[in-house]
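Commentary on secondary and tertiary structure
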Amino acid sequence: MLNPSLNRGENIMILLYVILAILAFLILLLLLPVHLIVTYNEKLKIFMRIFGIKFSIKNKSKKKTKIKKQPDKTKEITGKNDEKPKSLIDRIEYFVDLIKASKDFILNILSRIKIEDLTFKLSVGGSNAFETATRYGQASSAVYSAFSAICCAKKPENYEVNVSPNFMSEKNSLMMNLDIKLQPIYMIYFLFKYVKTIKNL
């Protein structure tokens, strides 16, 4: 609290010093490097590490509740089904197309960050050998071209990308780990620029 025995000018100076100290502390926090860690192994988890302390941003999985759906008579009559949910390969191709469309924005981000670890391991399966080989070719083309472009712009310290066919299973599996180092002030800037870009679309 301010000392009433001091004159008004001295009290104002103390207030200014306190405000300046708070602002200096906030600016220091914005300039300190932090680690943003994104992992995926059946579940998506996002962490932030500051001063060696890891904070969880997203690692909770929603419980799925089973809901009994009544049969749709229109589907039985017409024989037509709704669109199938996108597979993991379709989502990866969509993500690669999104990166290509946002090339300038991605390059701007890469110029301000440091990639300490980039691990991406994808196993592609199918109902038969032909389907597995086809999916493997599509996934390899999309993944390797995207990560090659990223490495040309910013080479990670630890880099491992692998796409392999799995002829023994129909399921696709993905294991990913991304560890980037950046300053929070650039995180705020990129977020603001991203929101502005979305609004202009």
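This next bit is on the packing of aromatic side chains. The relation between two aromatic rings is expressed through the spacing of the ring centres and the mutual angle of the planes. In the structure shown here, the tally under the stated rule is 1 aromatic pair. When the centroid spacing of 5.0 Å and the interplanar angle of 50 degrees are considered together, the rings of Phe120 and Phe147 count as tilted. Of this pair, Phe120 sits in strand β4 (residues 114–125) while Phe147 sits in helix α5 (residues 129–153), placing them 27 residues apart in sequence. Residue class for Phe120 comes out buried when judged on its relative accessible area of 6%. Just above the ring of Phe47 sits the side chain of Lys54; from NZ or CZ to the centre is 5.1 Å.

Attention shifts here to the pattern of salt bridges. For the structure on display, the rule yields 3 salt bridges. Lys114 serves as the salt-bridge partner of Glu157, at 2.9 Å between the closest nitrogen and oxygen. With Glu157 in the loop between α5 and β5 (158–166) and Lys114 in strand β4, this pair connects stretches of sequence that are 43 residues apart. For Glu157, a relative accessible area of 56% corresponds to the exposed category. Residue class for Lys114 comes out partly exposed when judged on its relative accessible area of 37%. Two residues, Glu160 and Lys121, come together in a salt bridge whose shortest N-O distance is 3.4 Å. Taken together, the residues Glu160 in strand β5 and Lys121 in strand β4 connect sequence positions 39 residues apart.

With that settled, the discussion passes to α5. The end-to-end C-alpha distance of α5, which contains 25 residues, comes to 36 Å, matching closely the 36 Å that a straight helix rising 1.5 Å per residue would cover. Within α5, burial applies to Thr132, Ala139, Ser140, Ala142, Val143, Ala146, Phe147, Ile150 and Cys151.

Moving on, we come to the confidence of the model for the protein chain. Across the protein chain, the average pLDDT comes to 77, with 73% of residues at or above 70. By mean pLDDT, the top-scoring element of the protein chain is β5 (91), and the lowest-scoring one is helix α2 (residues 73–78) (47). Here residues 61–66 scores under 50 on pLDDT; set against residues more than four positions off or in separate chains, the count is 1 contact. Long-range and interchain partners of residues 73–80, a stretch whose pLDDT sits below 50, account for 5 contacts in this model, where long-range means more than four residues apart.

This part is about the nonpolar core. In this structure, Ile115, Phe120, Leu122, Val143 and Phe147 are the most contacted members of the largest nonpolar core, which totals 25 residues. Within the residue set of this core, elements represented by two or more residues are β1 (34–41), α3 (88–101), β4, α5, β5 and β6 (173–182). Broken down by element, this core gets its largest block of residues, 6 residues, from α5.

With that out of the way, let us pick up unusual backbone geometry. Phi angles above zero are rare outside glycine, and Glu42 is one such case at about 75 degrees. Within the secondary structure, Glu42 is located in the loop between β1 and β2 (44–50). For Glu42, a relative accessible area of 72% corresponds to the exposed category.

Below, the discussion takes up the environment of Val34. Along the chain, Val34 turns up in strand β1. For Val34 and Gly52, which are 18 residues apart along the polypeptide, the C-alpha to C-alpha distance reads 9.2 Å.

Time to look at the pairing of β1. Taken together, the 8 bridges between β1 and β6 define a ladder with antiparallel strand orientation. For His35, the partnering residue across the bridge sits in β6 and is Lys181. Strand direction decides the pairing type here: β1 and β2, joined by 6 bridges, are antiparallel. By the bridge assignment, Tyr40 is partnered in β2 with Leu44. Hairpin geometry of β1 and β2 is characterised by an intervening segment of 2 residues between the two adjacent antiparallel strands and by a positive phi of about 75 degrees at Glu42.

What counts, and where the lines are drawn
Residues numbered from 1 in each chain as written. Predicted model: local features only at pLDDT ≥ 70, side-chain atom pairs only at ≥ 80, totals over all residues. Heavy atoms only, no water. Phe/Tyr/Trp six-rings, centres within 6.5 Å; stacked < 30°, edge-to-face > 60°. Helix = DSSP H or I, 4+ residues; strand = E, 2+ residues; numbered from the N terminus. Buried < 20%, exposed > 50% of the residue type's maximum accessible area, 1.4 Å probe, protein only. Lys NZ or Arg CZ within 6 Å of the ring centre and 35° of its normal. Salt bridge = Lys/Arg side-chain N within 4 Å of Asp/Glu carboxyl O. Expected span 1.5 Å × (residues − 1). pLDDT = per-residue confidence, 0-100. Contact = heavy atoms within 4.5 Å. Core = buried A, V, L, I, M, F, W, Y, C linked by side-chain atoms within 4.5 Å. Pairing = 2+ DSSP bridges.

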